[in-house]
Amino acid sequence: MSQRYAMMEEIKEQGDLLRSIFEKRDVLCADFISLCQKHSFKKILFVGNGSPYYAGCTLRFAAEKFLKAEAEAVFAGMFHNHTDFNISGKFQPEEILLVCPAESGHSRGQVDAARRAKVQGISVMSTTLNPKGVLARTSDVILAKPGKHEVAMAATKGQTMAIFMILLNFLEAAYHTGKLSRAEYDRYIQACENLPGNV
């Protein structure tokens, strides 16, 4: 890959990668659907720094709309030092989901949050390029991103993959747990199918 055009080449790959994710969504979403059939999540917390944090800011609306849960995104450092999963005390651990939209799966803030979650009996979902890494080993649901680490300084592809993978999981779980009607599901899944051609 040419260094000069690295970012453009990374962007050009996104359509095919998104299409591959969509076509494999039955396998991609199976673990999360199973988890949601066992747990009725009422609070979803997204933790990360930089792009993973902003991915969480975007995905919180999908969590609220599809899974009917309270959702928020928190910077990893802020979460580690100033807050917790259940400040109000109104949720049981099995009603809380931590989502870490990660890249390498080694970022300390996300790993620390996942470890805290596991100690408290809270489920963890993560995206990562390293499905055998430390974050993945601490996760109940591991969404392994296709592709490789980006060469371009301004990374875009990895977080695009993370957002799409988590969105599909929320959508499929909502439908399979009765939170979305068939008509609603068909409308959203058609939009997701169309997405790769519009990147």
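Right, let's walk through the structure included here. The shown structure was predicted, so the numbers you read here are calculated from the model rather than taken from an experiment.

1. What to know about the overall build of the protein
Part 1 of the argument: Within the protein, the secondary structure is distributed over 8 helices and 5 strands.
Part 2 of the argument: Starting at the N terminus, the α and β elements of the protein follow one another as α-α-β-α-β-α-β-α-β-α-β-α-α.
Part 3 of the argument: Put simply, of all contacts in the protein between residues at least 6 apart along the chain, 69% involve residues at least 24 apart.

2. Structural notes on the sheet that holds strand 5 (residues 141-144)
Part 1 of the argument: A sheet is described by the order of its strands in space; here 5 strands give the open sequence 2-1-3-4-5, paired in parallel fashion. Lying at the two open borders of the sheet, with one neighbouring strand each, are strand 2 (70-75) and strand 5. This sheet shows a mean twist of 15 degrees between the axes of neighbouring strands, independent of strand direction.
Part 2 of the argument: As defined by bridge partners, strand 1 (residues 43-48) adjoins strand 2 across 6 bridges and the pair is classed as parallel. What sits directly across from V47, in strand 2, is V74.

3. Comments concerning the side chain of Q159
Part 1 of the argument: With respect to the secondary-structure elements, Q159 resides in helix 7 (residues 157-176).
Part 2 of the argument: Once residues within four sequence positions are removed from consideration, Q159 is found in contact with S51, P52, A55, P101, E103 and K145.

4. A closer look at the nonpolar core
Part 1 of the argument: Core analysis: the biggest nonpolar cluster contains 41 residues, and F32, I44, F46, M125, L168 and F170 have the highest contact counts within it.
Part 2 of the argument: The element that contributes the greatest number of residues to this core is helix 7, accounting for 9 residues.
Part 3 of the argument: Ignoring anything within four residues of it in the chain, the contact list for F170 reads F32, F46, L59, A62, A63, F66, L67, V99 and M125.
Part 4 of the argument: Counting 19 residues, the second largest nonpolar core, distinct from the first, contains F85, L98, I122 and V134.

5. Digging into the packing of aromatic side chains
Part 1 of the argument: Taken as a whole and assessed by the stated rule, the structure comprises 8 aromatic pairs.
Part 2 of the argument: Between the aromatic rings of Y175 and Y185, the centroid separation amounts to 4.4 Å while the plane-to-plane angle is 20 degrees, which identifies the pairing as stacked. With Y175 in helix 7 and Y185 in helix 8 (residues 182-194), the pair connects residues that are 10 residues apart, well separated along the chain.
Part 3 of the argument: By relative accessible area, which is 25% here, Y175 ends up partly exposed.
Part 4 of the argument: Counting every residue linked through ring pairs, the aromatic cluster contains F32, F46 and F170.
Part 5 of the argument: Sitting above the plane of the F61 ring, R60 keeps its charged end 5.1 Å from the centroid.

6. Regarding the state of the cysteines
Part 1 of the argument: One pass over the full model with this rule turns up 0 disulfides.
Part 2 of the argument: The thiol of C29 is unpaired, and the distance to the nearest cysteine sulfur, on C192, comes to 9.5 Å.

7. Some points on helix 2 (residues 25-38)
Part 1 of the argument: Helix length check: helix 2, at 14 residues, gives a terminal C-alpha distance of 20 Å against a target of 20 Å (1.5 Å per residue), a fit within 8%.
Part 2 of the argument: By the largest-angle criterion, D31 marks the main kink of helix 2, which is about 35 degrees.

8. Examining the pattern of salt bridges
Part 1 of the argument: Under the definition given, this model contains 10 salt bridges.
Part 2 of the argument: A salt bridge links D16 to R19, with the shortest nitrogen-to-oxygen separation between them at 3.1 Å. Linking D16 with R19, this pair stays in helix 1 (residues 6-23), spanning 3 residues, or about one helical turn.
Part 3 of the argument: Across the pair D112 and R108 runs a salt bridge whose closest N-O atoms are separated by 3.4 Å. Taken together, the residues span about one helical turn, with D112 and R108 both in helix 5 (residues 108-119) at a distance of 4 residues.
Part 4 of the argument: Overall, the relative accessible area of 66% leaves R108 in the exposed class.

9. A look at the environment of K38
Part 1 of the argument: Counting through the fold element by element, K38 comes out in helix 2.
Part 2 of the argument: The sequence separation of K38 and E94 amounts to 56 residues, and the corresponding C-alpha distance is 9.1 Å.

10. Here's the deal with unusual backbone geometry
Part 1 of the argument: We note that K68 has phi near 55 degrees; this positive angle belongs to a residue other than glycine.
Part 2 of the argument: With respect to the helices and strands, K68 occurs in the loop between helix 3 (51-67) and strand 2.
Part 3 of the argument: For K68, a relative accessible area of 53% corresponds to the exposed category.

Conventions we followed
- Residues numbered from 1 in each chain as written.
- Predicted model: local features only at pLDDT ≥ 70, side-chain atom pairs only at ≥ 80, totals over all residues.
- Heavy atoms only, no water.
- Helix = DSSP H or I, 4+ residues; strand = E, 2+ residues; numbered from the N terminus.
- Contact = heavy atoms within 4.5 Å.
- Pairing = 2+ DSSP bridges.
- Axes fitted to C-alpha atoms, helices over the stretch in contact; angles between N-to-C directions.
- Core = buried A, V, L, I, M, F, W, Y, C linked by side-chain atoms within 4.5 Å.
- Buried < 20%, exposed > 50% of the residue type's maximum accessible area, 1.4 Å probe, protein only.
- Phe/Tyr/Trp six-rings, centres within 6.5 Å; stacked < 30°, edge-to-face > 60°.
- Lys NZ or Arg CZ within 6 Å of the ring centre and 35° of its normal.
- Disulfide = S-S within 2.5 Å.
- Expected span 1.5 Å × (residues − 1).
- Bend = angle between axes of the 7 residues up to and from the residue.
- Salt bridge = Lys/Arg side-chain N within 4 Å of Asp/Glu carboxyl O.

Just geometry here; none of it tells us what the structure is for.
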